[in-house]
Number of protein chains: 2
Amino acid sequence: MSAAASRLGGVLSPVLTPFGANGAPCVERFVRLCRSLLDQSVGLAIFGTNSEANSLSVNEKRALLDALLDAGLPPGRMMPGTGACALPDAIELTRHAVASGCAGVLMLPPFYYKGVGDEGLFRAFARVIDAVDDERLRIYLYHIPPVAQVGFSAALIERLLDAFPGTIAGVKDSSGDWSNTAMMLERFQPHGFDVFAGSETFLLRTLQAGGAGCITATGNVNARAIARLAREWRAADAALRQRELDAIRAIFQQFPMIPAMKAAIAWQSGDEAWANLRPPLVELDAAQRAKLQTELTAAGFEVVGAAGLARGAAH
Amino acid sequence: MSAAASRLGGVLSPVLTPFGANGAPCVERFVRLCRSLLDQSVGLAIFGTNSEANSLSVNEKRALLDALLDAGLPPGRMMPGTGACALPDAIELTRHAVASGCAGVLMLPPFYYKGVGDEGLFRAFARVIDAVDDERLRIYLYHIPPVAQVGFSAALIERLLDAFPGTIAGVKDSSGDWSNTAMMLERFQPHGFDVFAGSETFLLRTLQAGGAGCITATGNVNARAIARLAREWRAADAALRQRELDAIRAIFQQFPMIPAMKAAIAWQSGDEAWANLRPPLVELDAAQRAKLQTELTAAGFEVVGAAGLARGAAH
């Protein structure tokens, strides 16, 4: 929790949230997956979109974060998602993350009202920052207009950086639009604003342009290979590695991503409970699952660390 | 709280939520507005979109509902919004509303994930109904795709009605699309499913087609006239009354509606705190406010009950 804690970089993953048969988050499986990801050099962006985090209550999220800390996992490698529609929720979870020593938080804007202006979004972030009132706070802006519908304009980022230098630490750009990521890399990365691509699709390009890395759903299943490219992006075969990552991602992207990743872990770990989702998300049907397994097998793909995720595996 | 409590009907309003200078909901002003609306025959759809309800935490909403009950307001005229992205939040607030004797609840679907299917939405509602497990529960589906982006298909409504007859009690259709409201009136109203138009714009047509009434934002400011049309919709001058309501609504709709209604109340009650909003919403600027006041004055419009909302007014 030193003020000189190193900045987050490289690859992080919005960690999947396992649910038990009773519909509650399963702490044991969650801790195991988080430890496995860390072992493969992937940081913990717990409570992201792919974590079904907006389907969790604030109390459920507090309990999951506490469980990681109790298990001895390092908060310096954590960037929990703490944004919410309601400011009191965002403030409570952000405060808890900072008090827990988390290296940063990934904040969605309030996303219920559509078409809100930069002024209102600026005030929302200012309220959180004022309320948390802690110089350790590092906010990464979570820009994901395809889902949240509400996003961050360049003008808003500039205003936030001017008003809260040091606190506004970077962005996850899940716009899916490389031109937007490139704009942020050019305009804001040189000013201490770390740009993370929203998926490994843009990992190589982001690193070549001076960016910080990526925060990617498929980090949950293809952690080692993605982390390797992040480490060795200057190598001669980097473009080939990028294409290999893209090919695996393309398999998952044929399906709803969250159910597909959970199905892959359930299949390869032999622990069927991994396939559970919380409504409104639903699991893959049998045909989808068969197709996924066939294609992953043909690609020679293994969920990294799947054996360690098996029920009752030593940890 | 008798099982034979009469069904909700006529006009309800998503009650505006007043905020104090500290950003917290102002209980006293809230109780006063709710009482004023009831006095004008408008029911209390507290915690709707126009209540900034998704900007409130579950605890804030529980406290506001409790304050109304403590003040002696009748739960039989309340339809609190209890939908949320996270099922535990929806369950907690719905359970509290039912235990408090509220006549119904207005439920948004979980709205973070976009493009989810009917199966997932069905499961979400089934989980709430199973968890609340109370035969007094009456759920009104809140269909507002322009904001929530996630809505209710006819097939989903049919499935919910089949699975939970009696519990699925109706809909607020804020699609803004009369053909959708007409479809619901034709297909579902005859089966004990009460269709409320999402604004007074469609009030006369809804009542003529056998619908239950409307749940409308402008009920906050134009309560008496809207309630009168709901009562006297068979009168010879009903079409004229509808046009009068439309003309007033058109003034407010030139602006962001929530700030405009709050500005009108602040202006006419003389209690400036009414203009406060919670981020990401922002108040009208001076030019907007001047234009609003000029047009309301020209229309001879008075916020109904404004005098009773003045700071320190007897109640």
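Relevant structure appears above.
Residues numbered from 1 in each chain as written. Chains lettered and ligands numbered in written order. Predicted model: local features only at pLDDT ≥ 70, side-chain atom pairs only at ≥ 80, totals over all residues. Heavy atoms only, no water.

*Asks:* Hey, could you run me through the overall build of chain A in this one?
*Replies:* Looking only at helices and strands, chain A has 13 helices and seven strands in total. Taking 2.2 N^0.38 as the reference for a compact globule, 315 residues should give roughly 20 Å; the C-alpha atoms of chain A span a radius of gyration of 18 Å, in line with that estimate. By principal-axis analysis of the C-alpha atoms, chain A measures approximately 50 × 45 × 40 Å. In chain A, which comprises 315 residues, the share counted as buried stands at 61%. Restricting the contact set of chain A to residue pairs at least 6 apart, pairs at least 24 apart contribute 73%. Where the 29 positive side-chain charges of chain A centre and where its 31 negative ones centre are 2 Å apart. (Helix = DSSP H or I, 4+ residues; strand = E, 2+ residues; numbered from the N terminus. Rg over C-alpha atoms; globule rule 2.2 N^0.38 Å. Buried < 20%, exposed > 50% of the residue type's maximum accessible area, 1.4 Å probe, protein only. Contact = heavy atoms within 4.5 Å. Lys, Arg positive; Asp, Glu negative; His and termini not counted. Charge placed at Lys NZ, Arg CZ, Asp CG, Glu CD.)

*Asks:* So what exactly am I meant to see when it comes to the nonpolar core here?
*Replies:* Phe252 of chain A together with Phe252 of chain B are the most contacted members of the largest nonpolar core, which totals 235 residues. Discounting residues that sit within four places of it in the chain, phenylalanine 252 of chain A has contacts with Thr218, Val221, Met257, Ala260, Met261, Ala264, Leu292, Leu296 and Phe301 of chain A. (Core = buried A, V, L, I, M, F, W, Y, C linked by side-chain atoms within 4.5 Å.)

*Asks:* Just to check I follow, could you spell out the relation of the copies chain B and chain A for this structure?
*Replies:* Look at the two chain copies: a rotation about an axis and a shift along it is all it takes to match them. Note on the copies: chain B fits chain A at an RMSD of 0.0 Å, the axial shift is 0.0 Å, and the rotation between them is 180°. Here the copies are linked by what is in effect a two-fold axis. In terms of C-alpha distance to the rotation axis, chain B has tyrosine 112 of chain B as its closest residue, with the C-alpha 4.1 Å off the axis. In this assembly the copies share their binding face: 100% of the residues contributing to the interface of chain B also contribute to that of chain A. (Least-squares fit on C-alpha atoms with pLDDT ≥ 70 in both.)

*Asks:* In this structure, what is going on with the pattern of salt bridges? I would like to understand it.
*Replies:* For side chains bearing opposite charge, pairing can occur when the charged atoms are close. Residues and elements named next belong to chain A. Enumeration over the complete set of coordinates arrives at 34 salt bridges over all chains. With a closest N to O distance of 2.8 Å, glutamate 119 and arginine 159 form a salt bridge. A residue pair is termed long-range when its members are at least 10 positions apart, and glutamate 119 in helix α4 (residues 118–132) and arginine 159 in helix α6 (residues 154–163) qualify at 40 residues. Given a relative accessible area of 35%, arginine 159 falls into the partly exposed group. Put simply, glutamate 244 and arginine 241 hold a salt bridge, and the shortest N to O gap is 3.7 Å. Of the two residues, glutamate 244 and arginine 241 are both situated in helix α10 (residues 238–253); the distance of three residues between them amounts to about one turn of the helix. (Salt bridge = Lys/Arg side-chain N within 4 Å of Asp/Glu carboxyl O.)

*Asks:* How should the sheet that holds strand β4 (residues 139–143) of chain B be read in this particular structure?
*Replies:* Picture the strands of a sheet paired through backbone hydrogen bonds; they go either parallel or antiparallel. Residue and element names in this part refer to chain B. Within the open sheet, the seven strands sit side by side as β2-β1-β7-β6-β5-β4-β3. Their pairing is parallel. The open sheet has two edge strands, β2 (43–44) and β3 (105–107), and neither has a second partner. Note that strand β6 (residues 194–197) and strand β7 (residues 213–215) share two bridges and pair parallel. For phenylalanine 196, the partnering residue across the bridge sits in β7 and is glycine 213. (Pairing = 2+ DSSP bridges.)

*Asks:* Which parts of the structure should I look at to understand the packing of aromatic side chains?
*Replies:* Aromatic ring pairs are described here by two measures, namely the spacing of the ring centres and the angle between the planes. Residue and element names in this part refer to chain A. Applying the stated rule across the entire model yields 17 aromatic pairs over all chains. A centroid spacing of 5.1 Å and a plane angle of 80° characterise the contact between tyrosine 112 and tyrosine 113, whose relative ring orientation is edge-to-face. Taken as a pair, tyrosine 112 and tyrosine 113 share a single burial class, namely buried. Seen from their ring centres, tryptophan 178 and phenylalanine 202 are 5.5 Å apart, and the 35° between their planes marks the pair as tilted. One end of the pair, tryptophan 178, is in helix α7 (residues 178–187); the other, phenylalanine 202, is in the loop between β6 (194–197) and α8 (203–208), with 24 residues separating them in the sequence. (Phe/Tyr/Trp six-rings, centres within 6.5 Å; stacked < 30°, edge-to-face > 60°.)

*Asks:* Hey, could you run me through the interface of chain B and chain A in this one?
*Replies:* When the parts of a complex come together, some accessible area is lost, and that lost area is often used as the size of the interface. Listed per partner, the contact involves 41 residues of chain B and 41 residues of chain A. When the two sides are added together, the surface that chain B and chain A hide from each other amounts to roughly 3,200 Å², 64% of it contributed by carbon and sulfur. On the chain B side of the interface with chain A, the three residues burying the most area are Tyr112, Tyr113 and Pro280 of chain B, jointly 25% of the side's total. In this assembly, chain B and chain A are joined by two salt bridges. With its nearest N and O atoms 2.9 Å apart, the salt bridge here joins arginine 123 of chain A to glutamate 283 of chain B. Along the contact surface separating chain B from chain A lie 12 residue pairs in polar contact (both at pLDDT 80 or more). Of all elements in the fold, only α3 (87–99), α4 (118–132) and α5 (145–148) of chain B reach the threshold of two or more residues within the side of chain B that touches chain A. Counting residues per element, the side of chain B that touches chain A draws most heavily on α4 of chain B, at six residues. (Buried area = accessible area lost by both parts, 1.4 Å probe. Polar contact = N/O pair within 3.5 Å; in protein donor to acceptor, adjacent residues only side chain to side chain.)

No statement about biological role is implied by the geometric values presented.
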